[in-house]
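So you can see what is in the structure, the chains are spelled out below.
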Amino acid sequence: MGKIKSAESLRGIACLSVVLSHLSLVFYPQMHNFYKSNLPVSPVLQVIHDSPLSFFYSGTGAVFIFFCLSGYVLSASIESAQNKLKKIRVSIIKRYPRLAIPAILSCVMMWVLNYFFDVNLNNVSFWFSSSVYKNYGFFESIYYGAVESFLYGEAKYNPVLWTMQIEFFGSILLFVYLLLNVFENAVKLSFGFLFLLFFDMNVIFLLGMLSFIAGAIIRMSKVTASPRYSYCVLFLGLYFIGVHDSSVSYTLFYDLAISINPTYVAYVYPVLNFLGGLLIVLSVLKFNIMSRFFGTNFFNYLGKVRTSS
């Protein structure tokens, strides 16, 4: 139970990071610097962007933490069930409605905002202003929230709904993985062949799917570490998720990618966020000193706020 509370606390922190990321993307895109902006350059924001401390507004890093935590929590729920096959079947049936309802509502809210109000976009980023259309349709907004965002990661009505595709298919992949583990005589290699189907997918999609399985593996692992190494793993994870394409604190990784193969540059950002998310989840949920720290009342409160929302 203590680990689950720590997981919920970490969800609350990641949720706060996502909120800060979206606010900065809309009003202070200079902090991200890889989105076009019609706003003036700020030396202070440039310093924040170039520092290794930008993890606190890393929306992508927080999303990978969410994916990994989903794998951890869903696998824990199924492992604790008396009838694991029934639990997996019920979880698969419930998964889409649980994800689709808030996705649809967000798209409908966006339609209401644009249809009934005249939104001033002069002082916001290109990233946000380009996502606001005046030809929204009510039923089209429902369709995008219920179908397009899940099948294609389409984000026309809500620019952050690309996560729904990974959240849904990652959950299904995890359930298949756990299903194979229910049967003692199941050949593990069969899952390996199944997973090969995803290697032609977008790299972020692939890493998101891997995050679900990694979360389940972290849940089942017996790994532990001394306080010194626990801090090192956490700080390394935080450093990784703070990556931005043009940040001087991460030049080493981009130079290394270029020296190996220039096409690998596009993989630096998603791979570091993926690794950072895994290391953070590992440190918080498997290392006792971190579990106790993130299990304190303050972080539990953040988790409750996130859950209630």
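Coordinates for the structure precede this section.
Note that residues are indexed from 1 along each chain, following the sequence as it is written. It should be noted that, the model being predicted, local features are given only for residues of pLDDT at least 70 and side-chain atom pairs only at 80 or more, the latter also being counted only at that level, while totals for whole chains, interfaces and linings use all residues. Only heavy atoms go into the side-chain values, all of them from the structure, while hydrogens and water stay out.

Asker: I keep staring at the overall build of the chain and nothing clicks. Help me out?
Answerer: A run of H or I in DSSP becomes a helix once it reaches four residues, and a run of E becomes a strand once it reaches two; helices and strands are each numbered from the N terminus. The secondary structure content of the chain amounts to 14 helices and zero strands. The secondary structure elements of the chain, listed N-terminal to C-terminal, are α-α-α-α-α-α-α-α-α-α-α-α-α-α. A simple rule labels every residue: compare its accessible area, found with a 1.4 Å probe on the protein chains alone, to the largest value its type can have, and call it buried under 20%, exposed over 50%, or partly exposed in between. For the chain, buried positions account for 46% of its 309 residues. In the chain, of all internal contacts separated by at least 6 residues, the share reaching a separation of at least 24 is 72%. The contact criterion used throughout is that any non-hydrogen atoms of two residues lie within 4.5 Å.

Asker: Got a minute to help me understand the packing of helix 3 (residues 59-79) against helix 9 (residues 203-220) in this structure?
Answerer: The geometry of a pair of packed helices is captured by two quantities: the angle between their axes and the separation between those axes. Throughout, an axis means a line fitted to C-alpha atoms (over the contacting stretch in the case of helices), and angles, computed between N-to-C directions, take values from 0 to 180 degrees. Helix 9 packs onto helix 3 with a crossing angle of 40° between their chain directions and a minimal axis gap of 7 Å. Relative to helix 9, the element helix 3 lies oblique. Crossing hand, helix 3 versus helix 9: right-handed. Seen from helix 3, the contacting residues are Phe64, Phe67, Cys68, Ser70, Gly71, Tyr72, Ser75, Ala76 and Glu79; seen from helix 9, they are Ile204, Leu207, Gly208, Ser211, Phe212, Ala214, Gly215, Ala216, Ile218, Arg219 and Met220. Should an angle fall under 35 degrees it is taken as roughly parallel, and over 145 as roughly antiparallel, whereas 65 to 115 is taken as roughly perpendicular and any remaining angle as oblique. Working rule for handedness: look at the near helix, and if it is turned counterclockwise from the far one by less than a right angle, call the crossing left-handed; if clockwise, right-handed.

Asker: Even after reading the chapter, I still don't get the pattern of salt bridges, so can you show me in this structure?
Answerer: For side chains of opposite charge, pairing can occur when their charged atoms come near one another. Note on definitions: salt bridges are taken to be side-chain nitrogens of Lys or Arg within 4 Å of carboxyl oxygens of Asp or Glu. One pass over the full model with this rule turns up two salt bridges. Among the ionic pairs, Glu79 bridges to Arg219, the shortest N-O distance being 3.5 Å. Taken as a pair, Glu79 in helix 3 and Arg219 in helix 9 lie far apart in primary sequence, 140 residues in all. You can call Glu79 partly exposed: its relative accessible area is 30%. Among the ionic pairs, Arg95 bridges to Glu167, the shortest N-O distance being 2.7 Å. Placement of the pair is Arg95 in helix 4 (residues 84-116) and Glu167 in helix 7 (residues 162-182), with a sequence separation of 72 residues. By the burial criterion, Arg95 is buried, and Glu167 matches it.

Asker: How should I be thinking about helix 3 in this particular structure?
Answerer: Since the α-helix packs 3.6 residues into each turn, any two residues three or four apart lie on the same face. For helix 3, which comprises 21 residues, the first-to-last C-alpha distance of 30 Å matches the rise-based estimate of 30 Å (1.5 Å per residue) to within 8%. In terms of burial, helix 3 is a largely internal element, 18 of the 21 residues being buried. The N-cap residue of helix 3 is Ser58: its side-chain oxygen and the backbone nitrogen of Gly61 are 3.1 Å apart. Given a helix with a known number of residues, its expected span is that number minus one, times 1.5 Å. N or O atoms within 3.5 Å of each other form a polar contact, as long as, within protein, one can give a hydrogen and the other can take it, and as long as residues adjacent in sequence are counted only when both atoms are side-chain atoms.

Asker: Which parts of the structure should I look at to understand the environment of Phe138?
Answerer: Its location among the elements puts Phe138 in helix 6 (residues 138-151). Judged by its relative accessible area of 33%, Phe138 is partly exposed. For the pair formed by Phe138 and Tyr115, sequence separation is 23 residues and the distance between their alpha carbons is 9.2 Å. In contact with Phe138, other than residues within four places in its own chain, are Val108 and Trp111.

Asker: Honestly, a nonpolar patch on the surface in this entry has me stumped. Any pointers?
Answerer: Note that patches include only residues with greater than 30% relative accessible area and no salt bridge, and the join distances are 9 Å for like charges and 5 Å for nonpolar side chains (Val, Leu, Ile, Met, Phe, Trp, Tyr). For accessible areas, the Shrake-Rupley method is used with a probe of radius 1.4 Å. Any residue's cover is judged against the shown protein chains and nothing else. Among the surface-exposed residues, Leu16, Val19, Leu20, Leu23, Phe27, Tyr28 and Phe56 lie close enough to one another that they form a single nonpolar patch of about 630 Å² accessible area. Its place among the elements puts Leu20 in helix 1 (residues 2-27). The class for Leu20 is partly exposed, based on a relative accessible area of 33%.

Asker: Is there a simple way to explain the nonpolar core in this structure?
Answerer: It is characteristic of soluble globular proteins that their nonpolar side chains tend to be buried jointly. Leu10, Ile65, Leu69, Leu174, Ile280, Val281 and Leu285 are the most contacted members of the largest nonpolar core, which has 51 residues in total. Put simply, the parts of the chain that give this core at least two residues each are helix 1, helix 3, helix 7, helix 9, helix 10 (227-241), helix 11 (251-260) and helix 12 (265-286). Here, nonpolar core means buried Ala, Val, Leu, Ile, Met, Phe, Trp, Tyr and Cys residues that are tied together by side-chain atoms lying within 4.5 Å of each other. By size, the runner-up hydrophobic cluster in this structure holds 18 residues, among which are Val26, Ala103, Cys107 and Tyr157.

Asker: Would you mind showing me how to read the packing of aromatic side chains here?
Answerer: Any aromatic ring pair is given by two values, namely how distant the centres are and how the planes are angled relative to each other. Only centres within 6.5 Å qualify two rings of Phe, Tyr or Trp (six-membered ring in Trp) as a pair; their planes then separate them into stacked at under 30 degrees, edge-to-face at over 60, and tilted for everything else. For the coordinates displayed, the defined rule picks out 22 aromatic pairs. Here the aromatic rings of Phe138 and Phe139 are separated by 5.2 Å at their centres, their planes lie at 75°, and the arrangement is edge-to-face. The exposure class of Phe139 is exposed, given its relative accessible area of 68%. Ring centres of Tyr239 and Phe253 lie 6.2 Å apart, and the angle between their planes is 45°; on these two criteria the pair is classed as tilted. Of this pair, Tyr239 sits in helix 10 while Phe253 sits in helix 11, and the two are 14 residues apart along the sequence. Ring pairing ties together the aromatic residues Tyr96, Phe150, Phe168, Phe169 and Phe205, which thus form one cluster. Charges are assigned to positions over rings by a cutoff of 6 Å between ring centre and Lys NZ or Arg CZ, combined with an angular limit of 35 degrees from the ring normal. Lying across the ring of Tyr72, Arg219 places its NZ or CZ 5.7 Å from the centre.

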